[in-house]
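So you can see what is in the structure, the chains are spelled out below.
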Amino acid sequence: QVQLVESGGGLVQAGGSLRLSCAASGRTFSSYAMGWFRQTPGKEREFVAVIREAGGRTYYADSVKGRFTISRDNAKDTVYLQMNNLKPEDTAVYYCAASATTTYYPTLGYDYAYWGQGTQVTVSS
């Protein structure tokens, strides 16, 4: 089992920045690829970014590429999502998730076995 707890969400004006954190406990954090997803009411959960176990490989959704950066600190069992130049359409509940799949860049929800409870990000125009 892996327990994931997100933090860092909040209200920010368009053009602003936030950094989300996701702290993991349980099984060896460094053995999982870690992803961020987001969801708004009435819409399907959307892939945002993923980082491989060692942290050297990352992959982003086109909608956030160049604005968001995913990183991890395996010594702290934590994954981060730095979000810059935020837009109102980035408003969502953001979830971190852990994946043991062999897919190199897992982007689908079913690739992930463990999920956090989510943190709300609201971007005002």
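Above this note sits the structure.
Here's a quick rundown of the structure.

Calculation notes
- Residues numbered from 1 in each chain as written.
- Predicted model: local features only at pLDDT ≥ 70, side-chain atom pairs only at ≥ 80, totals over all residues.
- Heavy atoms only, no water.
- Helix = DSSP H or I, 4+ residues; strand = E, 2+ residues; numbered from the N terminus.
- Buried < 20%, exposed > 50% of the residue type's maximum accessible area, 1.4 Å probe, protein only.
- Lys, Arg positive; Asp, Glu negative; His and termini not counted.
- Salt bridge = Lys/Arg side-chain N within 4 Å of Asp/Glu carboxyl O.
- Polar contact = N/O pair within 3.5 Å; in protein donor to acceptor, adjacent residues only side chain to side chain.
- Contact = heavy atoms within 4.5 Å.
- Pairing = 2+ DSSP bridges.
- Phe/Tyr/Trp six-rings, centres within 6.5 Å; stacked < 30°, edge-to-face > 60°.

1. Quick notes on the side chain of Glu-6
At step 1: If you trace the backbone, Glu-6 turns up in strand S1 (residues 2-7).
At step 2: For the buried Glu-6, which has no salt bridge, the nearest side chain bearing the opposite charge is Arg-45, at an N-O separation of 9.2 Å.
At step 3: Engagement of the side chain of Glu-6 in a polar contact is seen with the backbone nitrogen of Cys-96, the distance being 2.8 Å.
At step 4: Engagement of the side chain of Glu-6 in a polar contact is seen with the backbone nitrogen of Gln-117, the distance being 3.0 Å.
At step 5: Ignoring sequence-local partners within four residues, the contact set of Glu-6 consists of Ser-21, Cys-22, Trp-36, Tyr-94, Tyr-95, Cys-96, Gly-116, Gln-117, Gly-118 and Thr-119.

2. Looking at the side chain of Arg-67
At step 1: Note on placement: Arg-67 falls in the loop between strand S6 (58-60) and strand S7 (68-73).
At step 2: By relative accessible area, which is 9% here, Arg-67 ends up buried.
At step 3: Residues within four places of Arg-67 in sequence aside, it is in contact with Gln-82, Met-83, Asn-84, Asn-85, Leu-86, Lys-87 and Asp-90.

3. A closer look at the pairing of strand S9 (residues 92-99)
At step 1: For S9, the buried fraction is high: 7 of the 8 residues fall into the buried class.
At step 2: For strand S4 (residues 33-39) and S9, the ladder comprises 7 bridges, and the chain directions are antiparallel. Looking at the pairing, Phe-37 lines up with Tyr-95 of S9.
At step 3: Strand direction decides the pairing type here: S9 and strand S11 (residues 119-124), joined by 3 bridges, are antiparallel. By the bridge assignment for S11, Ala-92 is matched with Val-121.
At step 4: One ladder, built from 2 bridges, connects S9 with strand S10 (residues 114-115); its direction is antiparallel. By the bridge assignment, Ala-98 is partnered in S10 with Tyr-114.

4. So, the environment of Ala-75
At step 1: Take Ala-75: it is sitting in the loop between S7 and strand S8 (78-83).
At step 2: Among the residues examined, Ala-75 registers a relative accessible area of 75% and is labelled exposed.
At step 3: Taking C-alpha positions, Ala-75 is 29 Å from Leu-86, a pair spaced 11 residues apart along the chain.

5. Considering the packing of aromatic side chains
At step 1: The full count for this structure, using the stated rule, is 8 aromatic pairs.
At step 2: Through a chain of ring-to-ring contacts, the aromatic side chains of Phe-37, Phe-47, Tyr-59, Tyr-104, Tyr-105, Tyr-112 and Trp-115 assemble into a single cluster.

6. Description of the pattern of salt bridges
At step 1: Evaluation of the coordinates by the stated rule reveals 5 salt bridges.
At step 2: Residue Glu-53 pairs with Arg-52 through a salt bridge whose shortest N-O separation is 2.7 Å.
At step 3: Judged by relative accessible area, which is 11%, Arg-52 ranks as buried.
At step 4: For Arg-67, the salt bridge identified is with Asp-90, shortest N-O distance 2.7 Å. With a gap of 23 residues between them, Arg-67 in the loop between S6 and S7 and Asp-90 in the loop between S8 and S9 connect regions that are remote in the sequence.
At step 5: When salt bridges that share partners are traced, they join Arg-38, Glu-46, Arg-67 and Asp-90 into one network.

Everything listed is a geometric property; what it means functionally is a separate question.
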